[in-house]
Amino acid sequence: KAGVTQTPRYLIKTRGQQVTLSCSPISGHRSVSWYQQTPGQGLQFLFEYFSETQRNKGNFPGRFSGRQFSNSRSEMNVSTLELGDSALYLCASSLLQGSTDTQYFGPGTRLTVL
Amino acid sequence: SQKIEQNSEALNIQEGKTATLTCNYTNYSPAYLQWYRQDPGRGPVFLLLIRENEKEKRKERLKVTFDTTLKQSLFHITASQPADSATYLCALFTGGGNKLTFGTGTQLKVEL
């Protein structure tokens, strides 16, 4: 079974631009979560989607948004990029939506904002 | 405020010894706690989940304890090997669904 895939793996943008990152979960998984990882703040939860509905949201500004499609693939968008948005963005999928479900992480998208 | 802290930024131990990593949390009452391993440039990989009513859980060379009174989890790797070198993260479910809050992580280096 293929793992979680994320595209692109690396991205360089300039301040003020917007970016869209993509995540394809493991086949059959319906829950997709997004996390931001930085050296200073560590891994922080952005949001979670389950069956195309946003179920949870972290403490990030409205510039960060996401969506999930009917095939469970998910995208996240960051508008008006700031230097501080440089980070590794990780996507995780799980079969259901429950606290004992194992989450499987993708390799991440490394975003650099110049 | 709610915090999850892990011991020291880096832990160096000799091959064959037992590594013990600590996860302390405040202002949470989690029903479950998870441990993950993360290698450089990769996403975290799930290792173990322990429930609040389980004092200890084992998987091969790994052992996790969970003390809800002390608000602490200990993660042990016995007979450590250089291949165990990685960053280890503890995580709690802190919201509905699959919202995980991660600890600060401990970088483990196992030396020959």
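Residues numbered from 1 in each chain as written. Chains lettered and ligands numbered in written order. Predicted model: local features only at pLDDT ≥ 70, side-chain atom pairs only at ≥ 80, totals over all residues. Heavy atoms only, no water.

**Thoughts on the overall build of chain B**
What counts here: Working definition: helices are DSSP H or I runs of at least four residues, strands are E runs of at least two. Numbering for both runs from the N terminus. Radius of gyration: C-alpha atoms only; globule rule: 2.2 Å multiplied by the number of residues to the exponent 0.38. Three exposure classes are used, based on accessible area relative to the maximum for each residue type with a 1.4 Å probe and protein chains only: buried under 20%, partly exposed in between, and exposed over 50%.
Scanning chain B from terminus to terminus reveals zero helices and eleven strands. Each helix and strand of chain B, ordered N terminal to C terminal, gives the series β-β-β-β-β-β-β-β-β-β-β. In terms of overall size, chain B behaves like a compact globule, its C-alpha atoms giving a radius of gyration of 13 Å where 112 residues would be expected to give roughly 13 Å. Counting only C-alpha atoms, chain B reaches 40 × 30 × 20 Å along its principal axes. Of all 112 residues assigned to chain B, the portion counted as buried reaches 44%.

**A closer look at the packing of aromatic side chains**
Note the threshold: Only centres within 6.5 Å qualify two rings of Phe, Tyr or Trp (six-membered ring in Trp) as a pair; their planes then separate them into stacked at under 30 degrees, edge-to-face at over 60, and tilted for everything else.
For the structure on display, the rule yields twelve aromatic pairs over all chains. The interplanar angle of 45° and the centroid separation of 5.5 Å between the aromatic rings of Tyr-35 of chain A and Phe-105 of chain A together place this pair among those described as tilted. Note that Tyr-35 of chain A is positioned in strand β4 (residues 31–38) and Phe-105 of chain A in strand β10 (residues 104–105), a separation of 70 residues in sequence. Of the residues examined, Tyr-35 of chain A reaches a relative accessible area of 0% and is grouped as buried. Among the aromatic residues, those joined into a cluster by ring pairs are Tyr-35, Phe-45 and Phe-105 of chain A together with Tyr-36, Phe-46 and Phe-102 of chain B.

**Thoughts on the state of the cysteines**
Residue and element names in this part refer to chain A. To keep it simple, the criterion reads: Working definition: a disulfide is two cysteine sulfur atoms within 2.5 Å of each other.
Considering all chains together, one arrives at two disulfides over all chains under this definition. Each sulfur in the disulfide pair Cys-23 and Cys-91 lies 1.7 Å from the other. With the S-S dihedral at roughly -50°, the linkage between Cys-23 and Cys-91 falls on the left-handed side. With Cys-23 in strand β3 (residues 19–24) and Cys-91 in strand β9 (residues 87–94), this residue pair connects regions lying 68 residues apart in the sequence. On the basis of relative accessibility, which here comes to 0%, the residue Cys-23 falls in the buried class.

**Here's the deal with the side chain of Gln-103 of chain A**
As a reminder, the rule being used: Any two residues having at least one pair of non-hydrogen atoms within 4.5 Å are treated as being in contact.
On the secondary structure map, Gln-103 of chain A appears in the loop between β9 and β10. Contacts of Gln-103 of chain A, omitting those with residues within four sequence positions, involve Ser-33, Tyr-35, Ala-92, Ser-93 and Ser-94 of chain A together with Tyr-36, Phe-46, Phe-93, Asn-98 and Leu-100 of chain B.

**Considering the interface of chain B and chain A**
Quick note on the threshold: Put simply, buried area is the surface a 1.4 Å probe can reach on two separate parts but cannot reach once they are joined, added for both. The salt bridge criterion pairs a side-chain nitrogen of Lys or Arg with a carboxyl oxygen of Asp or Glu, the two atoms within 4 Å. N or O atoms closer than or at 3.5 Å make up a polar contact, with two conditions inside protein: a donor-capable atom paired with an acceptor-capable one, and, for residues adjacent in sequence, both atoms drawn from side chains. Each residue gets one of three labels, nonpolar for Ala, Val, Leu, Ile, Met, Phe, Trp, Tyr, Cys and Pro, charged for Asp, Glu, Lys and Arg, and polar for the others, Gly among them.
Counting residues at the interface gives 19 residues for chain B, matched by 24 residues for chain A. Buried area between chain B and chain A, summed over both chains or domains, comes out near 1600 Å², and the portion from carbon and sulfur atoms is 53%. Taken as a group, Asn-98, Lys-99 and Phe-102 of chain B account for 33% of the area that chain B buries against chain A, more than any other trio of residues on that side. Inspection of the region where chain B meets chain A yields zero salt bridges. Where chain B meets chain A, there are two residue pairs in polar contact (both at pLDDT 80 or more). Elements with a minimum of two residues in the side of chain B that touches chain A: β4 (32–38), β5 (45–51), β9 (86–93) and β10 (100–102) of chain B. If you tally residues by element for the side of chain B that touches chain A, the top one is β4 of chain B, at four residues. Looking at side-chain class alone, the side of chain B that touches chain A contains nine nonpolar, seven polar and three charged residues.

**Examining the sheet that holds strand β8 (residues 74–78) of chain A**
All names here are of chain A. For clarity, the threshold we go by: For two strands to be treated as a pair, DSSP must find at least two bridges joining them. Geometry is summarised by axes, namely lines fitted to C-alpha atoms with helices restricted to the contacting stretch, and by angles between N-to-C directions that run from 0 to 180 degrees.
Spatially, four strands are ordered β1-β3-β8-β7 in an open sheet, and the strand pairing comes out antiparallel. Of all strands in the sheet, those with a lone pairing partner are β1 (5–7) and β7 (64–68), marking the two edges. Neighbour-to-neighbour, the strand axes of this sheet turn through a mean angle of 20°, independent of strand direction. In this sheet, β8 lies alongside β3 in antiparallel orientation, the contact comprising five bridges. By the bridge assignment, Ser-22 is partnered in β8 with Glu-75.

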